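# Fold and geometry: a report
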Amino acid sequence: MSGAEEAGSFDPGGTGATAWTTGRIITKDLPAPHLVRLRMHVEDRQRHWPGQHYLIRLRAPDDYTAQRSYSLASDDSDPLVEFLVERLPDGEVSEFLADEAEVGDVLELRGPIGRWFRWDTYTPSVCLVGGTGVVPAVSMIRAARHHGRSDQLRVMAVARRPDELPYADELARFGATIAYTREGDDGRPPGPPTADELAPLLDGAELAYVCGSARFARFAEDLLLSSGLDPQAIRVEKFGVTG
Amino acid sequence: MPVTRGFRRRRPDGPEGRLPPGQYDVGSGWPVLTAEATPRIERESWSIEVDGLVDRPTTWTWDDVQQLPRSSYSGDIHCVTTWSKFDVVFTGVSVDSLLDVAGPQPEAAYVMAHSSTGYTTNLALADLTGGKAWVVWEFDGRPLTAEHGGPVRLLVPHLYFWKSAKWISRLELMAADRPGFWEVNGYHDRGDPWLEQRYQGDP
């Protein structure tokens with residue numbers, strides 16, 4: 001992060017020690033067959049930065065536990081926290097959340113976690129995100145709108161097809177550039193985003209946030225580096241095999 | 001904490017006594033987790049320096065480390081994101097071999113491991129000595145790939161894997177502890193998987 005904090009800038013704290021707490025599922029929906037969205041009320045909730053994540057832990061009757069990290073889609077001003085989880089084959093936690101969890105259920109939660117992959121809401125930044133990697137970018141978009149600083153954030157979202165892009169409508173309303181790799185879209189031929197498409201978003205950007213699968217992240221890093229971005233300005237969050 | 005309604009154990013426990021609390025066996029996979037862009041470093045341009053509170057600050061090139069006695073680790077690794085991987089084999093040199101040359105001074109008690117990307121992680125010197133830590137360039141008999149920290153990474157398998165800094169370039173010996181990259185960013189200063197020292201606030 002560069003520059004001195006401006007008076008009245010956003011500082012929710014939320015970067016110190018965290019402890020396990022519980023949260024209740026208030027709404028659950030499946031925006032697509034492979035996606036589950038949970039909105040939860042968190043006991044003793046700490047404030048958070050856009051880009052931070054939570055741990056969700058499940059506990060079996062024999063005290064066996066399974067936990068995974070999930071980015072928040074919600075911003076700090078939301079009275080609930082929102083998760084968008086991809087249901088992975090054999091994903092011990094994601095399958096449970098998609099198939100078993102119900103409104104009213106209580107889960108163990110811990111967060112917010114992460115000081116690195118977070119946006120301070122005023123440094124001019126670009127998000128290059130793929131698939132369910134859009135989730136932290138959605139939190140950043142919501143924070144930008146809440147603080148009236150939408151001009152400080154640019155988003156490029158990548159998915160194979162429209163039905164595989166979570167939050168597509170919200171991204172479009174924000175003015176995100178959207179690239180579908182397998183389907184044409186409004187005159188854009190199918191294919192990965194190009195340096196020419198990325199260039200206008202990078203103009204003036206001081207930080208780049210990359211989130212997606214390991215394969216997507218490798219592609220995004222190469223595109224940003226070949227576009228002349230300083231490696232130190234790139235922050236990466238990868239996921240995939242950890243289910 | 002309450003039992004989660006409807007949740008049952010589906011995975012076996014893994015080999016007796018080898019899975020730390022909260023971890024699962026990832027099997028043959030090896031997830032990649034990094035915070036920064038993956039650097040492409042040639043073996044010929046790589047080097048490692050041991051400096052700070054040592055009698056003889058020393059830099060080894062790729063050719064230099066090949067002259068040191070080779071040492072391998074065969075065993076398990078544990079990532080803070082909850083996967084564990086059993087029976088991996090890494091080969092390189094023991095950190096003891098580097099420290100024997102550099103000569104730690106009596107007041108040296110901590111080490112900052114630096115990567116060429118600027119990544120850092122802090123360790124107690126005692127966690128790097130006595131055959132517990134390596135500087136490695138082979139995984140299962142093959143050159144370590146860039147995404148897994150190649151050409152050369154640190155290996156401290158008794159701690160969570162973020163302590164095993166990828167693209168290792170420097171070991172800086174210090175008198176006092178100082179948090180590294182993830183440690184500043186909310187992770188635990190020591191990171192013992194058997195004590196579940198994952199984040200700031202854990203025991």
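Predicted model, so just to flag it, every value in this text is computed and none were measured. (Residues numbered from 1 in each chain as written. Chains lettered and ligands numbered in written order. Predicted model: local features only at pLDDT ≥ 70, side-chain atom pairs only at ≥ 80, totals over all residues.)

## Quick look at the overall build of chain A
Per the secondary structure count, chain A includes 5 helices and 11 strands. In terms of C-alpha radius of gyration, chain A reaches 18 Å, essentially the compact-globule figure of 18 Å for 243 residues. Counting across all 243 residues of chain A, residues that qualify as buried make up 48%. At a minimum sequence separation of 6, the contacts of chain A that also span at least 24 residues come to 67%. (Helix = DSSP H or I, 4+ residues; strand = E, 2+ residues; numbered from the N terminus. Rg over C-alpha atoms; globule rule 2.2 N^0.38 Å. Buried ≥ 20, exposed ≤ 12 C-beta atoms within 10 Å, placed from the backbone. Contact = placed C-beta atoms within 7 Å.)

## Thoughts on the UniProt feature "domain: Oxidoreductase molybdopterin-binding" (unreviewed entry) in chain B
Here, the residues flagged by UniProt with the feature "domain: Oxidoreductase molybdopterin-binding" (unreviewed entry) are residues 37-182 of chain B. As a span, residues 37-182 of chain B carries 10% helix and 40% strand, and end to end its C-alpha atoms are 16 Å apart. (UniProt positions renumbered as here; feature names shortened; annotations may be inferred.)

## Quick notes on the sheet that holds strand β2 (residues 47-52) of chain B
Residues and elements named next belong to chain B. Taking strand neighbours across the sheet as the criterion, the 5 strands line up as β3-β2-β11-β6-β7 in an open arrangement whose pairing is mixed. Two strands close off the open sheet at either side, each with one partner strand: β3 (58-61) and β7 (120-124). When strand polarity is set aside, the average angle formed by the axes of neighbouring strands in this sheet is 15°. Of the pairings in the sheet, the one linking β2 to β3 comprises 4 bridges and is antiparallel in character. Paired with I48 across the bridge in β3 is W60. (Pairing = 2+ DSSP bridges. Axes fitted to C-alpha atoms, helices over the stretch in contact; angles between N-to-C directions.)

## Considering the environment of E172 of chain B
Residues and elements named next belong to chain B. Inspection of the secondary structure puts E172 in strand β11 (residues 168-174). On the neighbour-count criterion, E172 (20 C-beta atoms within 10 Å) is buried. It is 23 Å that separates the C-alpha atoms of E172 and F90, two residues lying 82 residues apart in sequence. With residues up to four places along the chain from it excluded, the contact list for E172 reads D51, G52, V111, M112 and H114.

## A closer look at the UniProt feature "domain: FAD-binding FR-type" (unreviewed entry) in chain A
The positions UniProt marks with the feature "domain: FAD-binding FR-type" (unreviewed entry) are residues 18-119 of chain A. With 8% helix and 47% strand, residues 18-119 of chain A has its two end C-alpha atoms placed 19 Å apart.

## Section: the confidence of the model for chain B
With 97% of its residues at a pLDDT of 70 or more, chain B has an overall mean of 92. Scored as a whole, the predicted complex attains pTM 0.77, and scored at its interfaces, ipTM 0.81. (pLDDT = per-residue confidence, 0-100.)

## Brief notes about the pairing of strand β6 (residues 106-113) of chain A
All names here are of chain A. For β6, a buried count of 6 out of 8 residues is recorded, marking the element as mostly surrounded by other parts of the structure. Inspection of the sheet shows strand β1 (residues 21-32) paired to β6 by 4 bridges, in the antiparallel sense. Looking at β6, one finds that G23 is bridged to L107. Relative to β6, strand β3 (residues 53-59) runs antiparallel, the two being bridged by 4 bridges. Note on β6: the bridge partner recorded for L55 is R110.

## A short note on the sheet that holds strand β7 (residues 125-130) of chain A
All names here are of chain A. Here 5 strands make up an open sheet; going across it, the order is β9-β8-β7-β10-β11 and the pairing parallel. Because the sheet does not close on itself, it has two edges, and the strands there are β9 (177-180) and β11 (234-239). Within the sheet, the average angular offset between the axes of one strand and its neighbour, ignoring direction, is 10°. In this sheet, β11 lies alongside strand β10 (residues 207-213) in parallel orientation, the contact comprising 6 bridges. Looking at the pairing, C211 lines up with E237 of β11.

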